[in-house]
Amino acid sequence: TGVFPQLKNVTYTCMVCSYNVGPIFQNSSREEERPNACPECQQKGRWQINSAKTVYRNYQKLTLQESPGSVPAGRIPRSKEVIVLNDLIDLAKPGDEIEVTGVYTNNFEASLNTRQQGFPVFTTYIEANYVKRKGDLYSSGNLTDEDREDIRKLSRDPKIVRRIMKSIAPSIHGHDDIKAGISLALFSGQEKIVKGKTRLRGDINMLLLGDPGVAKSQFLKYVEKTANRAVYATGKGASAVGLTAAVQKDPVTREWVLQGGALVMADRGVCLIDEFDKMNDRDRVSIHEAMEQQSISISKAGIVTSLQARCSVIAAANPVGGRYDSSRTFSDNVELTDPILSRFDILCVVKDTIDSVLDERLARFVVGSHVRSHKDFEPEVDDPEGKLSISMTDGSADNDIETIPQDMLKKYISYSKRFIKPKLSSGDLPKISQVYAELRRESVTREGMPVAVRHVESIIRMSEARASM
C-alpha cells in the first residue's frame, strides 16, 4: 500500500486550563481511551489533541505470498498480511523474495463476527521487526573479498568464454549455439540514454524455435534457477493482463491499485515465456512495447501511468505444424508476425536431425546422467569419478575445458552485470557496418528472414555481452 501516518503516542491538552496529559502510547490494534477528567481543573471531557507533542510513525501493509515454485500442487498460493513501520517502509518492491522476522498477532474484527453468525473470528497478521531481501542472495553486495578475488582470477582464463558456455545447463547434451545465446542474454549489453531522452535497451531477447523434444523448456527452467531474478510464464496460461499489469480495487481503502504482471516483476531480470506460439494475438501485442521500449503504459480505471519492464525476454515456440520444415522460409515456419520477430536479437532454430553417431552419443549421455543422479549411486573403487562405467563426455571438441561450478557462475554473472561496462571503440564500426550490409544482402535470397535496423543494435549488444563475459 501507500505510506500512512499512524499514531505512536498522543498528548491531550485541556481546553479550559491548558494542562497537558500524556504521552499516552497507542496500541497498534485499537484506539486508547481519552482521559476522563482533567487532573488540574476537574473539567470532564474537553480535550484537544496537542499536535506539536504527538508523535506519528509511518505505516504500510505488505502482502507476503508464497513463491510460485513452492506452492503445493492444486492449491492457490497462500498469503499473509505484514505490517511494516518506521524505517522498514519501502524496503521491498513487488516481486522481491523477502524473509520477514516479526510478531504473529491477531486482531478482533467485529464486522467478521456479524458475517459469521456470531462466532468469534480473528484475522491474523505479522508485525514486522526486520525485513531481509532474499533476492539479493547473489547480488554484488553480498560478495566477499574472496569471491571477488576468485571472480577476477577466473576472468583471466583465456578460455573463459567457452568455459561459461559449457557451464550453461550442463545436464543438456550438445546445443552449443543455444548455450552461447543464453549466456549472452544472461550477461546482457549496456543500456544507453541518448541526448533527447531516448533509451536504447541493453537487454538481449531470444527466441528458441524448434522441434518437440529438444529440451527447450529445460533451458528455460535452467535460466529460471540461474538468473538472479526470473519470472516463468507459459503462453496458454498467461493473459495480457497477467503479463503486463492489472488494475484492481484494494479491499481496505476501496481505491484502485496497480498489480504488476510477469514482465513488471521481472524488471532488471529475465522473463521466460514458454509455448510462445500458443498465445492469443491480442495478448502477444501487449508484449511489443515491453520488448523494445521496455516500459508498459497503462490507462485503465482513471490510472494513466507507465511501468518499467527492463527485462530480457527468452521465449520458446514450436513451428507451424509441430516440425520445422527446411524447405520453407523462417517466417513461414513460425506463426509470429514480423514486428515481434524483429524485436528478438537471437533466433535459434533447433532441428531434430537423425545422425547415428550423434544419437548414440546423446543416448549414452542421457543414460549416464540418469545412472549418476540416482540416490543410491556409488562409483566403483578403481575410478572414484565414475568415468569408466559411464562415459560422461559430450564427445565434442572441447572436452579439456572444465565447467565452472553453478554458484560461482551466478556470482560471476551478477558481478559482471554490476561492475563491468564495456564500450565500443571506433575501430569496431567498419566491422559492424560490413556485417550488417552482408546480412541485409543475404536475407532476401534464400530461406532467411528480414533483417531490420534493429539488428544493428543487436550486433552491438551481443558484442558488449561477449566483452563483459
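Criteria and thresholds
Position numbers for residues count from 1 along each chain, tracking the sequence in the order it is written. Confidence filtering applies because this is a predicted model: local features only for residues at pLDDT of at least 70, side-chain atom pairs given and counted only at 80 or more, and all residues used for totals across whole chains, interfaces and linings. Computation of side-chain values: all heavy atoms of the structure, hydrogens and water removed. For two strands to be treated as a pair, DSSP must find no fewer than two bridges joining them. Here a helix means four or more residues in a row that DSSP labels H or I, a strand means two or more in a row labelled E, and each is numbered from the N terminus. Patch membership needs two things, relative accessible area over 30% and no salt bridge, and members are linked within 9 Å if like-charged or within 5 Å if nonpolar (Val, Leu, Ile, Met, Phe, Trp, Tyr). Note on areas: Shrake-Rupley, 1.4 Å probe, and residue coverage restricted to the protein chains presented here. Here a salt bridge means any side-chain nitrogen of Lys or Arg lying within 4 Å of a carboxyl oxygen belonging to Asp or Glu. The positive count covers Lys and Arg only, the negative count covers Asp and Glu only, and His and the chain ends enter neither. The atoms used to mark charge sites are NZ of Lys, CZ of Arg, CG of Asp and CD of Glu. Burial status follows relative accessibility: with a 1.4 Å probe on protein chains alone, a residue under 20% of its type maximum counts as buried, one over 50% as exposed, and anything between as partly exposed. Ring pairs shown here join Phe, Tyr and Trp side chains whose ring centres sit within 6.5 Å, with only the six-membered ring taken for Trp; geometry is labelled stacked below 30 degrees between planes, edge-to-face above 60, and tilted in between. Inter-axis angles, ranging from 0 to 180 degrees, are taken between N-to-C directions of lines fitted to C-alpha atoms, where helices are fitted over the stretch in contact. A residue's pLDDT is the confidence the predictor assigns to it, expressed on a 0 to 100 scale.

Moving on: the pairing of strand β15 (residues 295–300). Pairing geometry for β15 and strand β16 (residues 303–308), over 6 bridges, is antiparallel. Bridge pairing in β16 places Ser297 opposite Ser306. The hairpin turn running from β15 into β16, its antiparallel successor, is 2 residues long, and Ala301 in that turn takes a positive phi close to 50 degrees.

Here we take up a negative patch on the surface. The grouping of Asp145, Glu146, Glu149 and Asp150 at the surface amounts to a negative patch. For Glu146, the location among the structural elements is in helix α2 (residues 145–155). What makes Glu146 exposed here is its relative accessible area of 56%.

Moving on to the packing of aromatic side chains. The tally for this structure, following the rule as stated, stands at 2 aromatic pairs. Note on Phe187 and Tyr412: the rings are 6.0 Å apart at their centroids and 75 degrees apart in plane angle, and the pair reads as edge-to-face. Remark: Tyr412 occurs in helix α12 (residues 406–419) and Phe187 occurs in helix α4 (residues 176–187); sequence separation between them is 225 residues. For the residue pair Phe187 and Tyr412, the accessibility class agrees, reading buried in each case.

This part covers the sheet that holds strand β17 (residues 312–317). Ordered in space as β11-β14-β17-β10-β18, the 5 strands form an open sheet in which the pairing is parallel. In the strand order of this sheet, the two ends are held by β11 (230–234) and β18 (346–350), each with one partner. Strand after strand, the sheet turns through a mean of 15 degrees between neighbouring axes, direction not considered. Bridge analysis of β11 against strand β14 (residues 270–274) gives 5 bridges, and the strand direction is parallel. In the sheet register, Thr234 faces β14, and the bridge partner there is Asp274.

Turning next to the confidence of the model for the chain. The share of residues in the chain with pLDDT of 70 or more is 86%, and the mean pLDDT across the chain is 77. The element-level mean pLDDT for the chain is lowest in helix α1 (residues 110–115), coming to 66, with helix α11 (residues 356–373) highest at 85.

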